[in-house]
Amino acid sequence: MKQENPALFIIFGGSGDLAHRKLYPALFNLYRNNYINKKFAVIGTARRDWSDDFFRDTVKESLKKFCEDEKMVQEFSSHFYYQSHDVNDSQHYITLKKLAQSLNDKYELEENRVYYMAIAPSLFGTVAGHIKSENLITDNGFNRLVIEKPFGHDFKSAKKLNDEISQTFDEEQIYRIDHYLGKEMVQNIPVLRFNNPVFNTIWNKDYISNVQITLAESLGVEERGGYYDGAGALRDMVQNHVMQILAQLTMEKPEEFTSQKVHQSKKELFASLKMLSSDEVDKNFVRGQYGVNLNQTQISYREGPNINPESQTETYVAGKIMFDNDTFRGVPFYVRTGKRLPEKSTRIDIVFKKDIKNIFTSLNESEIKENIFSIIIEPDQGYELLMNGTKVGMDFATDTFSMNFKRSAKELDKVPEAYERLMVNILDGDHTNFTHWDELSSTWKYIDVIRQKWDEEKEDFPNYRSGTFGPKKADDLLARDGNQWVFRG
Ligand code: BG6
């Protein structure tokens, strides 16, 4: 049996959507699997005036589809407490502190605290400030701050936020969530690279022609217009998720896979990002916004709730990212992400150079294809390798075939949710799969150049139909280099 990690979770925004959809189910699974069991308590805070009982009912409701064992759910939710809370009111933090102390004693929590910010980002700094001024930090146990995205909307705001929370918490106490780093196949990338000589030796500019990262979503913005219209795909997906996948793929091998060494590797990698000048943005990045679908059964982005009818917000981004380092100099990393694309698919396609001298005179050279190695992250999980060979039969003729590995449905069923893994990491004090400030500051600086350029110039939106793979310009981006997207659905 795993050792139990006692802790008090104070979830700011405990009545919200994220808490109910992701955090409570994740905590419940930790409970089921003995990471937390008897020695834990959760305080949910929000403005509304709820009783503990009402709060517990909402928690139970959110667990319904995960567990039919009512007794277990009942026992789990009995550890939940509610505190009506105005984030600006010092008095409320004093009440919160008293409740935290009494729960600490009741559940033997060893003064361990996880402060989880599941609230509007504009409030992160205020809450962190009060945690310090009203002295909620304990002397003996751990005090860990968990921060959801978005962490700022540009470098300047991210720095301001970081400065604010750093008044109360050290970098080692801060856990910035990027849920892509909690995904099974994203965590798998370094193992694949570093534990397989067959990949390790060819993972560089000598062998790789280009790399393509696709984070495609079939859903639109739906009810999230209020947030999304001020954010857009570049901030929502590229600055964080795409950049972190890129780092998993390209960071130099750390001396050992510890948080400190991994972050050092990532820091060096991002320092080698080839920054774009404003004039280079249009040649290297493409933006799109979805319109209606062919049958006009789906509304366009601009027609969605809480969205400016003339919105210039992009729901699609494709770009070419390069590094100025010895390993990948000259290799284009094409990235794309978009909403309302034909299907949900997260994958990486690595295209290798076709640097071979064809010695088989009877084989047609033009039919020899590049090797392509694909890492399928979601919704399936697996790998594909496209290879050259011969056709069956007496003719000595060229053929290409693909070696596939796919995890079975049974295995996929057992894959833990990203949030579950990340919660365990937080309890264990393992930072490896969280975003360090150094990484954030570099990626924001990179993104800011693109954002500023786009803010200056209007685009003719909408420029792609719902249900298609984005604007044509995204194909042109690769075609200019003589390349094309491997994945086309
Ligand atoms: C979130 C974005 O971070 O990631 C959403 O805010 C996006 O816009 C989501 O839909 C995608 O995550 P996943 O895990 O469904 O690929």
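Higher on the page you've got the structure.
In this report, the structure presented in the accompanying data block is examined.

Cut-offs and rules
Residues numbered from 1 in each chain as written. Predicted model: local features only at pLDDT ≥ 70, side-chain atom pairs only at ≥ 80, totals over all residues. Heavy atoms only, no water. Buried < 20%, exposed > 50% of the residue type's maximum accessible area, 1.4 Å probe, protein only. Helix = DSSP H or I, 4+ residues; strand = E, 2+ residues; numbered from the N terminus. Pairing = 2+ DSSP bridges. Expected span 1.5 Å × (residues − 1). Bend = angle between axes of the 7 residues up to and from the residue. Near = heavy atom within 4 Å. Polar contact = N/O pair within 3.5 Å; in protein donor to acceptor, adjacent residues only side chain to side chain. Areas by Shrake-Rupley, 256 points an atom, 1.4 Å probe, with all protein chains shown as cover. Nonpolar A, V, L, I, M, F, W, Y, C, P; charged D, E, K, R; others polar. Salt bridge = Lys/Arg side-chain N within 4 Å of Asp/Glu carboxyl O. Lys, Arg positive; Asp, Glu negative; His and termini not counted. Contact = heavy atoms within 4.5 Å. Axes fitted to C-alpha atoms, helices over the stretch in contact; angles between N-to-C directions. Core = buried A, V, L, I, M, F, W, Y, C linked by side-chain atoms within 4.5 Å. Patch = residues over 30% accessible without salt bridge, like charges linked within 9 Å, V, L, I, M, F, W, Y side chains within 5 Å.

### Remarks on the pairing of strand β11 (residues 333–338)
Right, on to step 1. Here β11 lies mainly inside the structure; six of its six residues are buried.
Right, on to step 2. Neither face of β11 is exposed, since Phe333, Val335 and Thr337 on one face and Tyr334, Arg336 and Gly338 on the opposite face are all buried.
Right, on to step 3. Of the pairings in the sheet, the one linking strand β7 (residues 208–216) to β11 comprises six bridges and is parallel in character. Paired with leucine 215 across the bridge in β11 is threonine 337.
Right, on to step 4. In this structure, strand β10 (residues 316–321) lies alongside β11, joined through six bridges in antiparallel fashion. Bridge assignment links lysine 320 to a residue of β11, and that residue is tyrosine 334.

### Quick look at helix α15 (residues 437–456)
Residues that lie three or four places apart on an α-helix share one face, since the helix turns once every 3.6 residues.
Right, on to step 1. Its 20 residues give α15 an end-to-end C-alpha distance of 28 Å, which sits within 8% of 28 Å, the value for a rise of 1.5 Å per residue.
Right, on to step 2. In the structure, α15 departs most strongly from a straight axis at aspartate 448, where the bend amounts to approximately 25°.
Right, on to step 3. In terms of burial, α15 is largely enclosed, as 15 of its 20 residues are buried.

### Topic: the site of the ligand
Right, on to step 1. Around the ligand lies a shell formed by Lys149, His179, Tyr180, Lys183, Glu217, Arg224, Asp236, Met237, His241, Lys339 and Lys344.
Right, on to step 2. Separating an oxygen atom of the ligand from a side-chain N or O atom of arginine 224 is a distance of 2.8 Å.
Right, on to step 3. Within the complex, the protein chains bury 80% of what would otherwise be the 400 Å² of accessible surface of the ligand.
Right, on to step 4. A breakdown of the residues in the shell around the ligand according to their chemical character gives two nonpolar, two polar and seven charged.

### Details of the pattern of salt bridges
Right, on to step 1. For the structure shown, the criterion picks out 26 salt bridges.
Right, on to step 2. For aspartate 349, the salt bridge goes to arginine 347, with nearest N and O atoms at 2.6 Å. Pair check on accessibility: aspartate 349 and arginine 347 agree, each one buried.
Right, on to step 3. One salt-bridge network, held together by shared partners, links Glu184, Arg407 and Arg421.

### Overview of the environment of arginine 336
Right, on to step 1. Take arginine 336: it is sitting in strand β11.
Right, on to step 2. Arginine 336 sits in the buried class, given a relative accessible area of 3%.
Right, on to step 3. Each C-alpha atom of the pair arginine 336 and methionine 237 lies 9.5 Å from the other, and the pair is 99 residues apart in sequence.

### A closer look at the side chain of arginine 193
Right, on to step 1. Tracing the backbone shows arginine 193 in helix α7 (residues 184–194).
Right, on to step 2. It turns out arginine 193 is buried and unbridged, and the closest side chain with the opposite charge, glutamate 252, is 6.2 Å from it.
Right, on to step 3. A polar contact of 3.1 Å, which involves the side chain of arginine 193, links it to the backbone oxygen of leucine 249.
Right, on to step 4. Contact partners of arginine 193, with chain neighbours within four places excluded, come to Phe199, Asn200, Trp203, Ala247, Gln248, Leu249, Thr250 and Met251.

### Structural notes on the sheet that holds strand β4 (residues 113–117)
Right, on to step 1. Taken together, six strands build an open sheet; the order of strands is β3-β2-β1-β4-β5-β6 and the sheet is parallel. Two strands bound the open sheet, and with one partner strand each, they are β3 (80–84) and β6 (174–176). If you compare each strand with its neighbour and ignore which way they point, the axes differ by 20° on average.
Right, on to step 2. This element, helix α5 (residues 124–133), spans β1 (7–12), β4 and β5 (143–147) of the sheet and lies at about 155° to β4.

### Regarding the sheet that holds strand β13 (residues 372–378)
Right, on to step 1. Spatially, β8-β10-β11-β7-β12-β13-β14-β15 is the arrangement adopted by the eight strands of the open sheet, whose pairing is mixed. Edge strands, defined here as strands with exactly one partner in the open sheet, are β8 (285–288) and β15 (398–406). Geometrically, the sheet is characterised by an average inter-axis angle of 10° between neighbouring strands, direction not taken into account.
Right, on to step 2. Bridging between β7 and strand β12 (residues 345–352) involves eight bridges; their strand directions are antiparallel. Note on β12: the bridge partner recorded for alanine 216 is serine 345.
Right, on to step 3. The strands touched by α7 are β12, β13 and β14 (382–390); relative to β13, the strand with the most contacts, the crossing angle is about 145°.
Right, on to step 4. Against the sheet, α15 contacts β8 and β10, and its axis sits at roughly 55° relative to β8.

### Some remarks on the nonpolar core
Right, on to step 1. Grouped together as the largest cluster of nonpolar side chains are 96 residues, with contacts concentrated most on Leu249, Ile348, Ile350 and Ile375.
Right, on to step 2. Listed in part, the 39 residues of the second largest apolar core include Phe28, Phe55, Val59 and Phe434.

### Quick look at a nonpolar patch on the surface
Right, on to step 1. Where nonpolar side chains cluster on the molecular surface, the patch consists of Ile359, Phe360 and Phe396 and spans about 330 Å² of accessible area.
Right, on to step 2. When you line up the elements, phenylalanine 360 lands in the loop between β12 and β13.
Right, on to step 3. Take phenylalanine 360: its relative accessible area is 40%, and that puts it in the partly exposed class.

### Quick look at unusual backbone geometry
Right, on to step 1. Proline 379 follows glutamate 378 through a cis peptide bond whose omega is 0°.
Right, on to step 2. Relative to the assigned elements, proline 379 resides in the loop between β13 and β14.
Right, on to step 3. With an omega of -10°, the peptide bond running from phenylalanine 461 to proline 462 counts as cis.
Right, on to step 4. In this fold, proline 462 is placed in the loop between α15 and β16 (464–466).
Right, on to step 5. Backbone geometry places asparagine 34, a non-glycine residue, at a positive phi of 70°.

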